[in-house]
Amino acid sequence: MTATLPVQYEAPPPGAAVLTGCDGSDAALWALDRAMTEAEAHHLPLYVLAVVNPSPTGYPPGMADLVQESVERLTESMADGLRRAVATVQSARTRPYAGRLALHVVLGNVVEVLLQAAEGRHTLVVGTRGNGGFGRLLLGSVSTAAVHHATCPVLVVPAPPAEGA
């Protein structure tokens, strides 16, 4: 795969597929690798989704037009990051993923968009993220929401064991 992968700026289309979210973190890269394996094993397309939430609290009246250019730059930056994430995972795999792959960048709340995109999917693959000392926090807020609220099976991918552990 090259860095020229096209990115769609809309939610993935309906239908059976493996879905994974990717924010560029190590946890997301591990989940992406496992999602590739799942998609290959089930002969399904793989949808990789990045969600951009440019304003978690909303804009004051009249500000939306002023920040549009910033939102567009943020969205393009996320698309570039998504392409790099796929290239990174592909280069680390023993055998590169050769199945159908679609990259999507969507504006909105991460949890809401991911759960909506997961409807009707074969599997949602997410990584662990949190660093807290409690079990629920070790999953991270997105993976916890996915486990509790997704309407499809969810595969939570833990971090690989540390070298020498």
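Everything below is about the structure printed above this text.
The rules we used
- Residues numbered from 1 in each chain as written.
- Predicted model: local features only at pLDDT ≥ 70, side-chain atom pairs only at ≥ 80, totals over all residues.
- Heavy atoms only, no water.
- Pairing = 2+ DSSP bridges.
- Helix = DSSP H or I, 4+ residues; strand = E, 2+ residues; numbered from the N terminus.
- Contact = heavy atoms within 4.5 Å.
- Axes fitted to C-alpha atoms, helices over the stretch in contact; angles between N-to-C directions.
- Polar contact = N/O pair within 3.5 Å; in protein donor to acceptor, adjacent residues only side chain to side chain.
- Salt bridge = Lys/Arg side-chain N within 4 Å of Asp/Glu carboxyl O.
- Buried < 20%, exposed > 50% of the residue type's maximum accessible area, 1.4 Å probe, protein only.

Draft legend 1. Examining the sheet that holds strand S2 (residues 18-21) more closely. Here six strands make up an open sheet; going across it, the order is S1-S4-S3-S2-S5-S6 and the pairing parallel. The strands lining the two open edges of the sheet, one partner per strand, are strand S1 (7-8) and strand S6 (154-157). Note: strand S3 (residues 46-52) against strand S4 (residues 101-107), seven bridges, orientation parallel. Paired with Leu46 across the two strands is Leu101, which belongs to S4. Across the sheet, helix H1 (residues 26-42) is in contact with S2, S3, strand S5 (123-127) and S6; its angle to S2 comes to roughly 175°. Across the sheet, helix H5 (residues 141-149) is in contact with S5 and S6; its angle to S5 comes to roughly 155°.

Draft legend 2. Structural context of the side chain of Thr123. Counting through the fold element by element, Thr123 comes out in strand S5. Within the local environment of Thr123, its side chain forms a polar contact with the side chain of His122, the two groups lying 2.7 Å apart. Ignoring sequence-local partners within four residues, the contact set of Thr123 consists of Ala17, Val18, Leu19, Cys152, Pro153 and Leu155.

Draft legend 3. Molecular detail of the pattern of salt bridges. Tallying each qualifying case throughout the model produces five salt bridges. The closest approach of N and O atoms between Arg34 and Glu38, which form a salt bridge, is 3.0 Å. In this pair, Arg34 and Glu38 both sit in helix H1, four residues apart, roughly one turn of the helix. Judged by its relative accessible area of 36%, Arg34 falls in the partly exposed class. A relative accessible area of 14% means that Glu38 is categorised as buried. Among the salt bridges present, the one from Asp80 reaches Arg83, with a minimum N-O distance of 2.7 Å. With Asp80 and Arg83 both in helix H2 (residues 64-92), this residue pair falls three residues apart, about one helical turn.

Everything listed is a geometric property; what it means functionally is a separate question.
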